[in-house]
Amino acid sequence: MIEATALTKRYGDKKAVDGVSFTVRPGQVTGFLGPNGAGKSTTMRMIVGLDRPTSGRVTVNGMPYAEHRSPLHEVGALLEAKAVHTGRSARNHLRAIAATHGIPRRRVDEVIDLTGLHAVAGKRVGGFSLGMGQRLGLAAALLGDPATLILDEPVNGLDPEGVLWVRGFVRSLAAEGRTVLLSSHLMSEMALTADHIIVIGKGRVIADAPVGDIVGSTQTYIRVRSPRIGELARRLGQPDVVVTDVAADTVEVRGLAPEVIGDAALAAGVPLYELSVVSGSLEDAYMELTRDEVEYRTAVPAGTTNPTATNPTTSNQEVAR
Amino acid sequence: MTAAVTAPSHARASHQPLPEARLRFTGVLASEWIKLTTLRSTVWAYAVLILLQVGMGMVLALNITTGSPQSDASTAVFAASIGVMLNQLVISVLGVLVISGEYSTGQIRSSLTAVPKRLPVLWAKAIVFSVTSFVVSLVGILAAYAVTSPILSGAGVSSSLADPEVWAHLVGAAGYLALIGLFAFFVGALLRNTPGGIAAVLGLVLVVPAVLSFISAEWVTVLTQWLPASAGQTLFFGGGVFEPWQAVLVMLGWIAVVAIPAAVLLRRRDA
């Protein structure tokens, strides 16, 4: 359990993290999402005490990280690949960290095997690829068998196999009841790994919700192309479904599964030229989330806009009904 | 790696608990010992230190002329400890690198995550580095004595390690290297930067005394006597204005002057 309260970090007159409050709960993967420079890494560094908060407070399992008797048993952190002396071998690096807590040698060998580093454990870290550096960082994070894991962009630099492995691994850690906080700037990665997402932008929490809510509403959409798109669009209309015109014969649908759209097209006898799931980038989601904030202030009462998907004047305008 | 990929296993493969796993200062000491001894640069620097100590002593002993005004004992000490003049630079560079290398590589963030109270890392590193440096220096100096004393005996200069004037100065020479190394270590901890740290230490050990020697004012002479390198020479070459215990205090004073701000800033600064 990680609890941040009004956490703020100021560098000079710039606020990198601005009054952030959130709770990361055990037993699930919490995604920490935001563009580069949003304050994710700074927040994570404050959790383990590497950066001092300007104000506010963050605790891990009830107390500040540094106050724990066995910090590595509370939190395992992968904050950047290769926070390691380049002249030391991977095994010796892990031995040195393990020694601080009296963690036995067999545990060092265990995490080496666990992260697939066995072949390179005796090699100096200076020659490691980014992917191997990530594996070593993960091995170091796991040394103390921690109840909480904090992983900053763990799939960065990994090959596709490694990405799959990290996803499965992180999910299994959460299934064991651990607290997992995982950052990424890729919404699609989060959609596959996280149960809960905290979106951060410009140092503030923009959204804090289960992954289904955020991804469903803002990220993945279905691109539908049909010569009779207007007819189909009218059949898709229901609460929580957003249909957006992008071309005369194409719409983007949010809030419906592709199966539902395909069935609807068949039922209506409308030919489909394209039905594709498009995973938006974080930037899309992020833009949409911030736009939502703006829209709440100038909201047009729901139901007053009549979504006519075929009307060219509504192009590029989101309409819901 | 394929095995790990195909089987996303549990965090604890064996599910054996780690019963005594907790943070202790002895553990931090062990960690720093592992860190010091698993870098090639450290091992090489210590090897070079011993070779220089023996090599410079031999060169001096082979060129010694009889009838020197010094006593036999101080001639023998001089030969065994002449290498200190060069090795103080070796140990200073190593002292800075031991800590600045952690900052330049990012290792410091791993170190401070494992020991989030931070100061134990600084003290453990200081202890491990200064004790190791003392022992290695003593080995080098005793080896230099073992090699040079037969040569000097041949030239009619006889000495004995049992003579307090001999062994005390040889131990003093090793102590001087350990203390100047420790001073450099804390300068490195304060500046967190390899070139800056090395420049600052070598400047104080080499450049400042040389520059001050051109100034004949009384207060400059006094100031020079208080510099760490000049005060410390009393420990092995003898002479000087300080008693050996005073010289040690002067050097400890210099160390404190950098160690205290280094410790305060380590607690305060972002890593």
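Every residue gets a number counted from 1 within its own chain, in the order that chain's sequence is written. Numbering of ligands from 1 and lettering of chains from A proceed in the order in which they are written. It should be noted that, the model being predicted, local features are given only for residues of pLDDT at least 70 and side-chain atom pairs only at 80 or more, the latter also being counted only at that level, while totals for whole chains, interfaces and linings use all residues. Based on all heavy atoms of the structure, the side-chain values leave hydrogens and waters out of the count.

**A look at the overall build of chain B**
Here's step 1: For chain B, the count of helices and strands is 12 helices and zero strands.
Here's step 2: Reading chain B from its N terminus to its C terminus gives the helix and strand order α-α-α-α-α-α-α-α-α-α-α-α.
Here's step 3: Across its three principal directions, the C-alpha atoms of chain B cover 80 × 45 × 30 Å.
Here's step 4: To sort residues, take the accessible area from a 1.4 Å probe on protein chains only and compare it with the maximum for the residue type: under 20% means buried, over 50% means exposed, and anything in between is partly exposed. For chain B, with 271 residues in total, the buried portion stands at 48%.
Here's step 5: For chain B, the proportion of contacts with a sequence separation of at least 24, taken over those separated by at least 6, is 81%. Here a helix means four or more residues in a row that DSSP labels H or I, a strand means two or more in a row labelled E, and each is numbered from the N terminus. By definition in these notes, contact holds between two residues if any of their heavy atoms fall within 4.5 Å.

**Details of the packing of aromatic side chains**
All names here are of chain B.
Here's step 1: Geometry of aromatic contacts follows a simple scheme: Phe, Tyr and Trp rings, the Trp one being its six-membered ring, pair when their centres are within 6.5 Å, and the pair is stacked under 30 degrees between planes, edge-to-face over 60, tilted otherwise. Applying the stated rule across the entire model yields 10 aromatic pairs over all chains.
Here's step 2: A centroid spacing of 5.0 Å and a plane angle of 70° characterise the contact between Phe185 and Phe186, whose relative ring orientation is edge-to-face.
Here's step 3: By relative accessible area, Phe185 is classed as buried at 0%.
Here's step 4: Using a relative accessible area of 4% as the deciding quantity, one classes Phe186 as buried.
Here's step 5: A network of ring pairs unites the aromatic residues Phe78, Tyr176, Phe236 and Phe237 as a single cluster.

**Notes on a nonpolar patch on the surface**
Here's step 1: Without a salt bridge and with relative accessible area above 30%, a residue can belong to a patch; like charges are then joined within 9 Å and nonpolar side chains (Val, Leu, Ile, Met, Phe, Trp, Tyr) within 5 Å. Note on areas: Shrake-Rupley, 1.4 Å probe, and residue coverage restricted to the protein chains presented here. For this analysis, a salt bridge means a side-chain nitrogen from Lys or Arg found within 4 Å of a carboxyl oxygen belonging to Asp or Glu. A cluster of nonpolar residues, B:Phe25, B:Trp123, B:Ile127, B:Val131, B:Val135 and B:Val139, forms a patch on the protein surface that exposes about 500 Å² of accessible area.
Here's step 2: Tracing the backbone shows B:Trp123 in helix H7 (residues 119–154).

**Overview of the layout of surface pockets**
Summary: where empty space remains is shown by rolling a probe the size of a single water molecule over the atoms.
Residue and element names in this part refer to chain A.
Here's step 1: The calculated volume of the second largest pocket comes to roughly 320 Å³.
Here's step 2: Looking at the lining of the second largest pocket, the elements with two or more residues in it are helix H1 (40–47) and strand S4 (55–60).
Here's step 3: The greatest single-element share of the lining of the second largest pocket, amounting to three residues, is contributed by S4.
Here's step 4: Tallied by class, the residues present in the lining of the second largest pocket amount to nine nonpolar, two polar and six charged. A 1.4 Å probe that fits into a set of points on a 1 Å grid over the protein atoms alone but cannot get out defines a cavity; an open set with protein on both sides within 12 Å along at least five of seven lines defines a pocket, and lining residues are those with an atom within 4 Å of a point. Grid points are joined across faces, edges and corners, and a volume is the space filled by probe spheres set on the points. Here the nonpolar group is Ala, Val, Leu, Ile, Met, Phe, Trp, Tyr, Cys and Pro; Asp, Glu, Lys and Arg are the charged ones; every other residue, Gly included, is treated as polar.

**Describing the sheet that holds strand S9 (residues 204–210) of chain A**
All names here are of chain A.
Here's step 1: Strand pairing is assigned whenever DSSP identifies at least 2 bridges connecting the two strands. The six strands lie next to each other as S5-S6-S7-S3-S8-S9, forming an open sheet whose pairing is mixed. Single-partner strands in this sheet number two, and they are strand S5 (75–78) and S9. Taking each pair of neighbouring strands and ignoring which way they run, the sheet shows an average axis angle of 15°.
Here's step 2: Inspection of the sheet shows strand S3 (residues 29–33) paired to strand S7 (residues 179–184) by five bridges, in the parallel sense. Looking at S7, one finds that Val29 is bridged to Val180.
Here's step 3: To obtain an axis, a line is fitted to C-alpha atoms, over the contacting stretch when the element is a helix, and the angle between two such axes runs from 0 to 180 degrees between their N-to-C directions. Lying on the sheet, H1 is in contact with S3, strand S6 (148–152), S7 and strand S8 (196–201); it crosses S7 at an angle near 150°.
Here's step 4: Against the sheet, helix H5 (residues 130–142) makes contact with S5 and S6, and its axis sits at roughly 170° relative to S5, the strand it touches most.

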